[in-house]
Structure formats: C-alpha cells, structure tokens
Amino acid sequence: MNNNRSEIDIRCRVHLEQFEGPLDLLLYLIKRDEIDIYDIPITHVVREFGLYLNRMKDLDLAVAGEYLLMASLLMSIKARMLLPKPEVDTSEIEDPRMELVEMLIEYQRYKKLSEKLERKREEQMRQFPKGAYPDSRISMKYVQEQELIPLDTYSLIKAAWDLLKQKNQIIPGEPREKIDIGERITYIQTFLAENGRGRFVDLFVEKTTPLKFVATFIALLELIKQKKIRVHQQSQFGNIWIYPNPEGRGD
Amino acid sequence: MTEVTKNGIIEALIFSSPSPISAKRIASIAALESEKDVDSIVDLLNTQYEKNGRAFRIRKIAGGYQFFSIVAYAPYIGEIFVDRSQPHLTRAMLEVLSIIAVKQPVTKPVIDSIRGADSGGSIHTLLEKGIVTVKGRQKSPGRPFMYATTRDFLKLFGISDINELPSEDELPEFFGEEDFHIPQLDNPEEFEDKPEIADSEVENIDNYEIQEDGENTETNG
C-alpha cells in the first residue's frame, strides 16, 4: 500500500506541472483510463481528479482557482446524476455530463491545433530565409563565439525520443539481452576522448536495440549527474553537443 | 547572350527581394495575366530545384514568396547562424495562439473559457512579442479587447496565409474525436451522430445510464 502510494506520488509529481489547466488534466485522465468520452464514469473521474488536487496540496503547489471550479462542476454533475430518473418522458432532459463533454471536445480541438502549430514552427525554424535580409533579426555568429544554451532534462529526453522514433536506427533485441551501463559509460567517455566533443546524435550512429539505446541514454544522464560531461545546445532545435567536463574529472 | 524569360524574371524578383514579395507585385512587374500564373511558375521552378538537388526552395509565406533553405541543411546552417530573436513559446501560449488564430478577433473571456484556465499571462507575452495584436474592443459590457494574429505570426510558423489554418467550422473535420476511446457497442451508429443530439433522438438519451451508486465498472481497466 505504501509502495503504491509513493508510486502515485511520483506519477503525480511528474504530471502535475505539465497540465495547462483542469480541462487538460481531465483529458489526461480520460485518455489514461480509456474512458468513453460520451459516457464518463463521473464518480471515478471525481475521485481521480480529487486525488490530483490533494497531491498538488501535498506538494505545496498552489491549486489554482480554476481547478477548484472544475472540482465543483464535477461534484454538481455527480449530484445531478444521483437524482432519481423521472418516470415521465426523458427526452427533454439533457445528460448532466453533456456540457462537460462539449467543453472537453472543444478544448481538445484547440490543443491539437496547438500541437500542429508547434510542429509547423519546428519545421519553419529549420528553414532559413535567403541572407541579406535588411529587417533581419538573424545575427551571424560563429560557433566559437556562440553562447551555448545549457540543456534541461526535458529537451534531452525529447531529443532521445525523437531519435528513438526514427525506426531505422533501432533493431529488435534478443530476449533477456544483457546490458552493462558501466560499459556504456566507458563507450561515451571513449567517444569523447577520441573526438574532444561530440554531437548527441553521433552517440547513436550504430544501430542499437531499444535496451542498448536506453542504457546509453542512462549512461549519459549518469555522466551528467557526476558532472563528468556537459551538454549544450547551439540554438533551439540546434545540435546538442556533449563536452567532457574538466572540473568534474577525478572526483 | 542570356535570354530573359518569364520564369527568370520571377526567380530574379523573389531572389532579390529583401522580404516576402507578393504574387500581385510579381504579376504586375512580369506582366502576367493572373496571380495564379505566379503560383504555377513557382511550382515549376521548385520542381527544377528539386530535380537538380538544390538546397533551397521558394516558399509562400505571410502572403508572399521567399527563398528558404531546405530542412535537411538546417544542422549545417545552424553552425553559422544563431537566431536569438526566436521567442520561446510555452504550451499555454501555443494553445492561446491556436484559439486566437481560429476565432479572431476574440476576447480574453472566450479564450479563458475554452481553455478552462486563465490566459492573461500568455496573452500578455504574445502581445509583447508581436505575435498577436489588439484588433479593437468588443461592444459589450466592460468593452473587452479583441485579439488577432499578426503577420509575424505567419512568418514564425511558416504559414502562407491565415486561411491555411482551419476555420472554426472546419475545426471538427481537422480534429475529430478519433483520439478518444469509444467502446464498440452493439449499435455503433449510436455514437456517430452524438455531437448533435436532436430532440427526436430519444433513443440516444435513453442510452445514458444513470448509475445509482455512481460506480461504473465498465471502464475500469
């Protein structure tokens, strides 16, 4: 039970900050539990939603008013659903959940459009307009002078995920494949010793099994944690570079 | 002696233009009958570039044409160029932007209610970065500001024209409910026309079961 609780804690911790609002949280719950949007089990949703609100409090995250508003809407729907069904013609009575369903569907549409926009933008950022651009906001700078952007874990995970999705790099693994993270750490260190610095993608040039891929990634995280390497990005969506960290050596 | 061609004129105009040049201007300079001719010649030029393995294409962006390098060469250009002006857009800002793009001009209360969350901060940042603008005020109590997207928005996202994005009416076609898990029932058509429940469809309404204890065992899994 305790175990279960802490697992939920971790799960909540990971998710809470990434919700854009109560509708986003509800959509997540609906997808996670494979709920039929047109037949939402309101008690289940109320319980799960409440669980997240409590975790927010436990984690000292300010619970924004909009979450409380949604909680009260859910409760009122639940209350209305518990009312006895009138004997008379029910065709005029709307399902109390309908309003919520419409809100969710509408929100979901804009959320998807926003994801599409994000993809368009990423693609646009990889295409450069012809130079000599008088109103240009692009400044020309050589790599050496560049201010490199330190990378957050999320971007690193995203980069790994993007690579993993390029299926041609991944070959199926054998059952009970054994992978040694220590060996992967040595691999990364050798790679850096040979090249001085290296691009993130070049760590994964060889075709790997999913397990080996993950192990290499964990090894990379471990080296970052031990401050033996530094990871920087040139620009948003630019190359991710890995550098040995001289100060971090020998400890 | 170089032969001057219509295609060449168009190519030269777009090549030398400092910012996206409109089909209208190109058509008038190159003495073309319609703006559509510009479109087809640009397509032809792009086909030639592709055939010859060139690293650039002409793209329609923010209502005009401009040369752009193709995506494949981004990592190499990234070694020289750093675009510091690129604004960082959060997921909240992208959501707000989607709503404004589709429903413009639109007020903050409408945006807030679709998102179910306050959008004040996001709108403020988008205004600051010039991605959205105030298009006027609504003639209603409180006279709230109405927001719309700018030309910079189109440039930032590589959109040729705002009509490239779905309108409010088209949105359901673009993004249906296919993402939601809908259990297969004996009568699947029951769910198909659910979004608009007509009064006559008594059957549908009856299918909503009101549980006595509120527990639903069907979807636990």
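About the thresholds
Residues numbered from 1 in each chain as written. Chains lettered and ligands numbered in written order. Predicted model: local features only at pLDDT ≥ 70, side-chain atom pairs only at ≥ 80, totals over all residues. Helix = DSSP H or I, 4+ residues; strand = E, 2+ residues; numbered from the N terminus. Buried ≥ 20, exposed ≤ 12 C-beta atoms within 10 Å, placed from the backbone. Contact = placed C-beta atoms within 7 Å. pLDDT = per-residue confidence, 0-100. Core = buried A, V, L, I, M, F, W, Y, C linked by C-beta atoms within 7 Å. Pairing = 2+ DSSP bridges. Axes fitted to C-alpha atoms, helices over the stretch in contact; angles between N-to-C directions. Parallel < 35°, antiparallel > 145°, perpendicular 65-115°, else oblique. Nonpolar A, V, L, I, M, F, W, Y, C, P; charged D, E, K, R; others polar. Expected span 1.5 Å × (residues − 1). Arc of directions from axis to C-beta.

**Q** Please explain the overall build of chain A as it appears in this structure.
**A** The helix and strand tally for chain A stands at eight helices and five strands. When the elements of chain A are put in sequence order from the N terminus, they spell out α-α-α-α-α-β-β-α-α-β-α-β-β. Taking all 251 residues of chain A together, 25% fall into the buried category. Pairs at least 24 apart in sequence give 68% of the contacts found in chain A among residues at least 6 apart.

**Q** Even after reading the chapter, I still don't get the confidence of the model for chain B, so can you show me in this structure?
**A** Should the pLDDT be low somewhere, the predicted coordinates at that spot are not to be read in detail. Residues and elements named next belong to chain B. When the pLDDT values of chain B are averaged, the result is 79; 76% of them are 70 or greater. Averaged pLDDT values over the elements of chain B bottom out at 37 in helix α11 (residues 202-206) and peak at 94 in strand β4 (residues 106-107). Confidence drops under pLDDT 50 across residues 182-221; counting only partners more than four residues distant or on other chains, this segment forms 35 contacts. Predicted complex, confidence summary: ipTM 0.72, pTM 0.62.

**Q** For this particular structure, what's the right way to read the nonpolar core?
**A** Across soluble globular proteins, nonpolar side chains show a tendency to be buried alongside one another. Counting 50 residues, the largest nonpolar core has A:Leu104, B:Met93, B:Val96, B:Leu97, B:Ile99, B:Ile100 and B:Leu126 as the members making the most contacts within it. Sorting the residues of this core by element identifies α2 (22-32), α3 (42-58), α4 (65-82) and α5 (98-125) of chain A together with α5 (91-103), α6 (108-115), α7 (120-128) and α8 (151-157) of chain B as the ones contributing at least two each. In this structure, B:Ile100 is in contact with B:Val106, B:Ile111, B:Val132, B:Tyr147, B:Ala148 and B:Thr149, ignoring residues within four places of it in sequence.

**Q** Would you take a moment to explain the pairing of strand β5 (residues 240-244) of chain A for this structure?
**A** Remember that side chains alternate between the two faces of the sheet whenever the strand is regular. In terms of strand pairing, strand β3 (residues 198-199) of chain A meets β5(A) through two bridges, oriented antiparallel. Bridge pairing in β5(A) links A:Arg199 to A:Trp241.

**Q** Help me understand the environment of B:Gly116 in this model?
**A** Among the secondary structure elements, B:Gly116 is positioned in the loop between α6 and α7. Residue B:Gly116 is classed as buried on the basis of its 22 C-beta neighbours within 10 Å. Other than its neighbours up to four places away in sequence, B:Gly116 contacts A:Gly21, A:Pro22, A:Leu23, A:Glu66, A:Met70, A:Met103 and A:Tyr107.

**Q** In this structure, what is going on with the environment of B:Arg143? I would like to understand it.
**A** Residue and element names in this part refer to chain B. Inspection of the secondary structure puts Arg-143 in the loop between β5 (132-137) and β6 (145-149). Separated by 36 residues in the primary sequence, Arg-143 and Thr-107 place their C-alpha atoms 9.5 Å from one another. Residues contacting Arg-143, with those up to four places away along its chain left out, are Arg-137 and Gln-138.

**Q** Would you mind going over the sheet that holds β4(B) with me for this structure?
**A** Either a parallel or an antiparallel arrangement is found when strands of a sheet pair, and the pairing is made through backbone hydrogen bonds. Residue and element names in this part refer to chain B. Taken together, three strands build an open sheet; the order of strands is β4-β6-β5 and the sheet is antiparallel. With partners counted over all chains shown, the strands left at the sheet margins are β4 and β5, one partner each. Looking at chain direction, β5 and β6 are connected through five bridges and run antiparallel. Across the sheet, Arg-137 pairs through a bridge with Phe-145, a residue of β6. Of the strands in this sheet, β4, β5 and β6 are in contact with α5, which crosses β6 at around 95 degrees.

**Q** Sorry, what's going on with unusual backbone geometry here?
**A** Most of the time, phi is negative for any residue but glycine, and the peptide bond is trans. Residue and element names in this part refer to chain B. In this model, Gln-104 is joined to Pro-105 through a cis peptide bond whose omega is -5 degrees. Tracing the chain through its elements places Pro-105 in the loop between α5 and β4. Backbone geometry places Ala-62, a non-glycine residue, at a positive phi of 45 degrees. Secondary-structure assignment places Ala-62 in the loop between β1 (56-61) and β2 (64-69). A positive phi angle is found at Arg-143, which is not glycine, with a value near 35 degrees.

**Q** Any chance you could explain the packing of helix α1 (residues 6-16) of chain B against helix α3 (residues 35-51) of chain B here in plain terms?
**A** How two helices sit against one another is set out by the angle between their axes and by the gap between those axes. Residue and element names in this part refer to chain B. Look at α1 against α3: their axes get within 10 Å of each other, and the N-to-C directions meet at 85 degrees. Comparing the axis directions of α1 and α3 gives the class roughly perpendicular. For the pair formed by α1 and α3, the contact residues are Lys-6, Asn-7, Ile-10 and Glu-11 on the first element and Val-38, Ile-41, Val-42, Leu-44 and Leu-45 on the second. Looking at the contact of α1 with α3 residue by residue, the classes come out as six nonpolar, one polar and two charged.

**Q** Just checking my understanding: could you explain α4(A) for this structure?
**A** Along an α-helix, a turn takes 3.6 residues, which lines up residues three or four apart on a common side. Residues and elements named next belong to chain A. End to end, α4 covers 26 Å across 18 residues, agreeing with the expected 26 Å (1.5 Å per residue, within 8%). Within α4, the full set of buried residues consists of Tyr-67, Met-70, Leu-74, Ile-77 and Met-81. Projection of α4 onto a plane perpendicular to its axis shows the buried side chains occupying an angular sector of 80 degrees, all on one side. Facing away from the buried side of α4, by more than 90 degrees, are the exposed residues Gly-65, Leu-68, Ser-72, Ser-76 and Ala-79.

**Q** Just to check I follow, could you spell out the confidence of the model for chain A for this structure?
**A** Residue and element names in this part refer to chain A. When the pLDDT values of chain A are averaged, the result is 76; 73% of them are 70 or greater. At the low end of the mean pLDDT range in chain A sits strand β1 (residues 139-140), at 38; at the high end sits α5, at 89. Counting contacts from residues 132-146, a segment whose pLDDT is below 50, to residues more than four positions away or on other chains yields 17 contacts.

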